[in-house]
Amino acid sequence: MAGIYIHVPFCKQACNYCNFHFSTNLGLQNDFTAALLKEIELRITYLGYETVETIYFGGGTPSLLPVSAIRNILDAVYRNFSISADPEISLESNPDDMDSSRLKAWKEAGINRLSIGVQSFFNDDLIWMNRAHNAQQAVMAVEQAVNAGFENFSLDLIYGLPALTDEKWNENLRKAISLNPSHISCYALTIEAKTALYKMIQSKKTEDVQPEKQARQFLTGIQLLESAGYEHYEISSFAKPGKRSRHNSSYWQSKKYLGIGPAAHSFDGTGRQWNISNNALYIKSLMAGNLNMESENLLPGDLLNEYIMTSLRTIEGLDLQKVSDQFGNEKSLSLENMAKKYIQSKKIERKKEKLILTNSGKLFADGIAASLFF
Ligand code: SF4
């Protein structure tokens, strides 16, 4: 089983913290769609004809694309790949793009899961982030999605903003829970180089993030969401029973995926490919019938390190038996040894053959994983 990721590289305006690949030049949308349709045809062999069980429109802002383009892209995917009988087809959408007619058309086109970029229910935070929607639009978007028959939807929230007090964060969580989404993703605000936010902090126009506050808000998020019936199945992801994101889970399970569109990454089990991060050059290459990408082969050590990094982020944890089976018993024993100090400091819990991060360990997930690398 495999997945397909479709990167839609357009946004109405730039959120101040964002370092994803996108352009605010919406004039290229039609050419982009034509190029993407060509890329689909050129990449039919990449997944080795495995059945595709998840399709994910990410971005950028896929909800900005005309519905006809979404329909054409899905038709092309169905024509060129073998799709399972019960695929998860997700679309990232922003509240300001969500009205009842568009939601109905997405449903008819086959979208069966929405990931809604709410981020906060406070207008001052949304303005500070330079989001294109307000709090009222976020609530209305969710209500309209439910009315249109979307039962499976996720809300994205961001914590750790300088002006986000603990009280406001708790209120955001409570408000999100009251809308009854099947899934909630909570992301820590990170300061990425070259973003507007980075420059604002450098020039002291805004405060920097406070790691202690972020840690506190992360732990409150776990507490409130778990007590509301959400399983914390990955560092940033919470789901009602049976409602985990199948697409994102497939990344953490090292399944194959094909990424199409500018800047999209692909993985076929042994190597990675990534498309050029430039909309105009992407379109130009595809229109001339050429793929424009780079690639790398992954050595066993790279694959093991990736497994350490991704598995520790999940509720299943790192399986020493799997490491032994796939990479050799020596590696498994060595990992077991290296993990001892984290077990002693209660950052990792050992459950049979599994090493699982505790909540306090999750605060240092990336650092702990990196310290276990080969
Ligand atoms: S809408 Fe999403 S992709 Fe676009 S700038 Fe904002 S955070 Fe980035």
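Structure: above.
Attention here is on the structure that accompanies the text. No experiment lies behind these values; they were computed from the predicted model shown.

Rules behind the numbers
Residues numbered from 1 in each chain as written. Predicted model: local features only at pLDDT ≥ 70, side-chain atom pairs only at ≥ 80, totals over all residues. Heavy atoms only, no water. Helix = DSSP H or I, 4+ residues; strand = E, 2+ residues; numbered from the N terminus. Rg over C-alpha atoms; globule rule 2.2 N^0.38 Å. Buried < 20%, exposed > 50% of the residue type's maximum accessible area, 1.4 Å probe, protein only. Contact = heavy atoms within 4.5 Å. Pairing = 2+ DSSP bridges. Right-handed = clockwise from strand over helix to strand, strands pointing away. Lys, Arg positive; Asp, Glu negative; His and termini not counted. Salt bridge = Lys/Arg side-chain N within 4 Å of Asp/Glu carboxyl O.

### Points about the overall build of the protein chain
Working step 1: Regarding its fold elements, the protein chain presents 15 helices and 15 strands.
Working step 2: A compact globule built from 374 residues should have a C-alpha radius of gyration of about 21 Å, and the protein chain, at 21 Å, falls within 12% of that.
Working step 3: Overall, the protein chain is about 55 × 50 × 45 Å in size when its C-alpha atoms are taken along their principal axes.
Working step 4: In the protein chain, which comprises 374 residues, the proportion classed as buried is 50%.
Working step 5: Within the protein chain, contacts between residues at least 6 apart in sequence are counted, and of these 69% link residues at least 24 apart.

### Examining the pairing of strand E3 (residues 83–93)
Working step 1: Judged by how many residues are buried, E3 sits mostly within the fold: 8 of 11 residues are covered.
Working step 2: Summarising the sheet, strand E2 (residues 52–59) and E3 pair through 5 bridges and their orientation is parallel. Across the sheet, residue Ile55 finds its bridge partner in E3, namely Ile89.
Working step 3: The β-α-β motif built from E2, the intervening helix H2 (residues 67–80) and the parallel element E3 has right-handed crossover chirality.

### A word on the side chain of Arg113
Working step 1: Here Arg113 lies in strand E4 (residues 113–119).
Working step 2: Although buried, Arg113 forms no salt bridge, and the nearest oppositely charged side chain, Glu88, lies 4.2 Å from it.
Working step 3: With residues up to four places along the chain from it excluded, the contact list for Arg113 reads Tyr56, Glu88, Ile89, Ser90, Leu91, Phe150, Asn152, Ser154, His183 and Ser245.

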